[in-house]
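# Reading the structure
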Amino acid sequence: MKMLIAANWKMHGAMDWIKKPVHFDTVLPAKDRKAIDVLICPPALYLAAMVEPAMDNNVFIGAQDCHAADEGAHTGDISAKQIAETGARYVINGHSERRANGETDANVKAKAEAALRHALTPIICVGETLDQRESGEAQAVVAKQLSGSLPEVEGKSFVVAYEPVWAIGTGKTATPSDIADMHNFIRTIVGPDTRILYGGSVKPANAAAIFAVETVNGALIGGAGLDMYSLADIAQAAL
Ligand SMILES: O=C(CO)COP(=O)(O)O
């Protein structure tokens, strides 16, 4: 399965960042990375401007969230239909930073199904907190999130990102053996054809060890994905 190297820019960036996919291609040209897919998920207001230059450089663009409805009175929200119209191809659903603000499994599932209705590939995030891991509940938490959040749409593919909450933005990475245990478990639920990404303090220094885990099909990268040199170093580790 082709690895997916995905940068989640969160609420970072400015207008001049729309050129970053072009810079990425200068650092790691498309001809040298045919074996992987590269995705950048900027704040939504940059999507439309980024898609064309990014696609020209074989970089996919995705959004960080979408609404479950196609349109309506939802101030501040953006629909999957509108995201798809920009030419973006992916959308992150259920990131822990949104779940922490009240997003439920049912919300995530409805959003992922909206994404699939508009030919976007949802990246559905799951992961346990430190308390849940320390009390031995990590797998049960992830199983519950998956059973409530995965879209039920025949024949459509989605991506799962395992992001332990305690590893996000903390510099603490799950060990390759923790990642292997959870990814193997997730694999038993999603089957052989679904990409499973790891996210949580992925950096150039630890990427090779993470990608060596057999059931890891790529990474969802926060901080290290803001800099195109470090994103390229991580992508290189997947080649
Ligand atoms: O939340 C993440 C990606 O979605 C991970 O963030 P960091 O790589 O900054 O830990």
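Before going into details, it helps to say that this report is about the structure given with it. This structure is a prediction, so every number in the text was calculated from the model and none was measured.

So, how was this worked out
- Residues numbered from 1 in each chain as written.
- Predicted model: local features only at pLDDT ≥ 70, side-chain atom pairs only at ≥ 80, totals over all residues.
- Heavy atoms only, no water.
- Near = heavy atom within 4 Å.
- Polar contact = N/O pair within 3.5 Å; in protein donor to acceptor, adjacent residues only side chain to side chain.
- 1 Å grid on protein atoms, 1.4 Å probe; cavity = no way out; pocket = protein on both sides within 12 Å on 5 of 7 lines; lining within 4 Å.
- Sits in = over half its atoms within 2 Å of the grid points.
- Nonpolar A, V, L, I, M, F, W, Y, C, P; charged D, E, K, R; others polar.
- Salt bridge = Lys/Arg side-chain N within 4 Å of Asp/Glu carboxyl O.
- Helix = DSSP H or I, 4+ residues; strand = E, 2+ residues; numbered from the N terminus.
- Buried < 20%, exposed > 50% of the residue type's maximum accessible area, 1.4 Å probe, protein only.
- Points joined across faces, edges and corners; volume = space filled by probe spheres on them.
- Pairing = 2+ DSSP bridges.
- Axes fitted to C-alpha atoms, helices over the stretch in contact; angles between N-to-C directions.
- Core = buried A, V, L, I, M, F, W, Y, C linked by side-chain atoms within 4.5 Å.
- Contact = heavy atoms within 4.5 Å.

### A word on the site of the ligand
Close contacts around the ligand come from 13 residues, with Lys 10, His 95, Gly 169, Ser 201 and Gly 223 the closest. At 3.0 Å, a side-chain N or O of Asn 8 approaches an oxygen atom of the ligand. The side chain of Lys 10 places a nitrogen or oxygen atom 2.8 Å from an oxygen atom of the ligand. Its atoms largely coinciding with the cavity grid, the ligand occupies the second largest pocket. Taken together, the residues of the shell around the ligand sort by class into four nonpolar, seven polar and two charged.

### Quick notes on the pattern of salt bridges
For side chains of opposite charge, pairing can occur when their charged atoms come near one another. Taken as a whole and assessed by the stated rule, the structure comprises 14 salt bridges. The residue Asp 65 makes a salt bridge to Arg 98 at a minimum N-O spacing of 3.1 Å. With a gap of 33 residues between them, Asp 65 in the loop between β3 (60-63) and α3 (80-85) and Arg 98 in helix α4 (residues 96-99) connect regions that are remote in the sequence. Looking at Arg 98, the relative accessible area reads 34%, which means it is partly exposed. Each of the salt bridges in this network shares a partner with another, and the network as a whole consists of Asp 65, Arg 98, Glu 103 and Lys 111.

### Considerations on the layout of surface pockets
In this structure, the largest pocket encloses a volume near 400 Å³. Lining the largest pocket are 19 residues, with Ala 44, Gln 64, Asp 65, Cys 66 and Arg 98 positioned closest to its centre. Residue classes in the lining of the largest pocket are distributed as eight nonpolar, six polar and five charged. In this structure, the second largest pocket occupies an estimated 200 Å³ of space. In terms of lining, the second largest pocket is formed by 19 residues, of which the most central are Lys 10, Ile 168, Gly 169, Gly 222 and Gly 223. Its residues assigned to classes, the lining of the second largest pocket comprises six nonpolar, nine polar and four charged.

### Some remarks on the pairing of strand β6 (residues 159-162)
Side-chain alternation along β6 places Val 159 and Ala 161 on one buried face and Val 160 and Tyr 162 on a second face that is also buried. Relative to β6, strand β5 (residues 121-126) runs parallel, the two being bridged by four bridges. The residue bridging Ile 123 from the neighbouring strand is Val 159, located in β6. Pairing between β6 and strand β7 (residues 195-199): four bridges, direction parallel. Among the inter-strand pairings, Ala 161 is bridged to a residue of β7, identified as Leu 197.

### Focus: the sheet that holds strand β1 (residues 3-8)
The parallel closed barrel is built from eight strands, whose spatial order is β1-β2-β3-β4-β5-β6-β7-β8. Strand-to-strand twist of the sheet, defined as the mean angle between neighbouring strand axes without regard to direction, takes the value 25°. Alignment of strand β2 (residues 36-41) against β3, held across two bridges, turns out to be parallel. Among the inter-strand pairings, Ile 40 is bridged to a residue of β3, identified as Ile 61.

### What about the nonpolar core?
By size, the foremost hydrophobic cluster in this structure holds 64 residues, and its most contacted members are Ile 5, Phe 24, Ile 40, Ile 186 and Phe 211. By size, the runner-up hydrophobic cluster in this structure holds 13 residues, among which are Cys 41, Ile 92, Ile 123 and Cys 125.

### Here we look at helix α10 (residues 228-237)
One turn of an α-helix holds 3.6 residues; hence residues three or four places apart share an orientation. By the burial criterion, the buried members of α10 are Met 228, Ser 230, Leu 231, Ala 232, Ile 234 and Ala 235. For α10, the secondary structure elements touched by its buried residues are β1, α1 (20-27), β2, α9 (204-211) and β8 (218-221). The opening residue of α10, the one whose side-chain oxygen lies 3.0 Å from the backbone nitrogen of Tyr 229, is Asp 227.

### Observations regarding unusual backbone geometry
Unlike most non-glycine residues, Ala 119 shows phi in positive territory, near 60°. Locating Ala 119 in the fold gives a position in the loop between α5 (105-117) and β5. Despite not being glycine, Ser 201 shows a phi value in the positive range, around 55°. Here Ser 201 is to be found in the loop between β7 and α9.

Everything listed here is a matter of coordinates, which is why it stays silent on function.
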